[in-house]
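The lines below spell out each chain.
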Amino acid sequence: MSGKPDDVPVSFPECTSKKTNKKKSKTHPEEVRQIVEYFNHVCGTNYKYQSKATAEMINARLNDGFTVEDFHKVIDKKHAEWSNDSYWCKFLRPETLFRPSHFESYLNQRNTPADENTNGITQKMSELYDAFTIG
């Protein structure tokens, strides 16, 4: 009754299956193992590289283009900054350091002179003090 011959197939585009354009995320099991083992070594912890949440976060950052060396830098920086602070040391964990909203800023964080010396005394101030007291 539609005016079309009965033997012509009718197409319903909204009913056809659509291909998804999602790329499957690549996994990096060896890199995940290396990163978690390094984290445990530096921080004195015992996280498991087989942990789904930890592996997913690390794989996502690796898929973003970050390297194993980038992870080492973040671990080293935050360990140096937080390990001796009773408040901040609880945040030395993969879920904090490798979170997408934190990782890149931690990686690009500049060390302040106070980070590089004890008691907040900068290297330059220490040299001036030594020159004054010795000379």
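Here the structure is a predicted model, which means the values were calculated and not measured.

**Q** I'm lost on the side chain of D70 in this one. Help?
**A** Of note, D70 is situated in helix α3 (residues 68-82). Side-chain polar atoms of D70 contact the backbone nitrogen of T67, separated by 2.9 Å. The contact partners of D70, leaving out residues within four places of it in the chain, are F103 and L107.

**Q** Where do I start with the pattern of salt bridges in this structure?
**A** Pairing between side chains of opposite charge can happen when the charged atoms of each approach one another. Per the counting criterion, the structure on display carries four salt bridges. Residue R33 is joined to E37 by a salt bridge in which the shortest nitrogen-to-oxygen separation is 2.6 Å. Remark: E37 and R33 occur in helix α1 (residues 29-43); sequence separation between them is four residues, near one turn of the helix. A residue is classified by how much of its surface remains accessible, and R33, at 23% relative accessible area, is partly exposed. Looking at E37, the relative accessible area reads 40%, which means it is partly exposed. Note that R61 is salt-bridged to D64, the shortest N-O span being 3.2 Å. You can call R61 buried: its relative accessible area is 7%. Bridged by salt links that share partners, the residues E30, R33 and E37 form one connected network.

**Q** Please clarify how the environment of V74 should be interpreted in this entry.
**A** Its place among the elements puts V74 in helix α3. Looking at V74, the relative accessible area reads 0%, which means it is buried. Discounting chain neighbours no more than four positions away, the residues touching V74 are L97, F103, Y106 and L107.

**Q** Got a minute to help me understand the packing of α1 against helix α2 (residues 52-63) in this structure?
**A** For any two helices packed against each other, one specifies the crossing angle of their axes together with the interaxial distance. In the contact formed by α1 and α2, the axes pass within 10 Å of each other and the chain directions differ by 110°. Compared by their axis directions, α1 and α2 come out roughly perpendicular. Here α1 and α2 pass one another in a crossing that is right-handed. When α1 is examined against α2, the residues E31, V32, I35 and V36 are found in contact with a partner set consisting of T54, A55, I58, N59 and L62. Within the contact of α1 with α2, the residues separate by chemical class into six nonpolar, two polar and one charged.

Conventions we followed
Residues numbered from 1 in each chain as written. Predicted model: local features only at pLDDT ≥ 70, side-chain atom pairs only at ≥ 80, totals over all residues. Heavy atoms only, no water. Helix = DSSP H or I, 4+ residues; strand = E, 2+ residues; numbered from the N terminus. Polar contact = N/O pair within 3.5 Å; in protein donor to acceptor, adjacent residues only side chain to side chain. Contact = heavy atoms within 4.5 Å. Salt bridge = Lys/Arg side-chain N within 4 Å of Asp/Glu carboxyl O. Buried < 20%, exposed > 50% of the residue type's maximum accessible area, 1.4 Å probe, protein only. Axes fitted to C-alpha atoms, helices over the stretch in contact; angles between N-to-C directions. Parallel < 35°, antiparallel > 145°, perpendicular 65-115°, else oblique. Left-handed = near helix turned anticlockwise from the far one by under 90°. Nonpolar A, V, L, I, M, F, W, Y, C, P; charged D, E, K, R; others polar.

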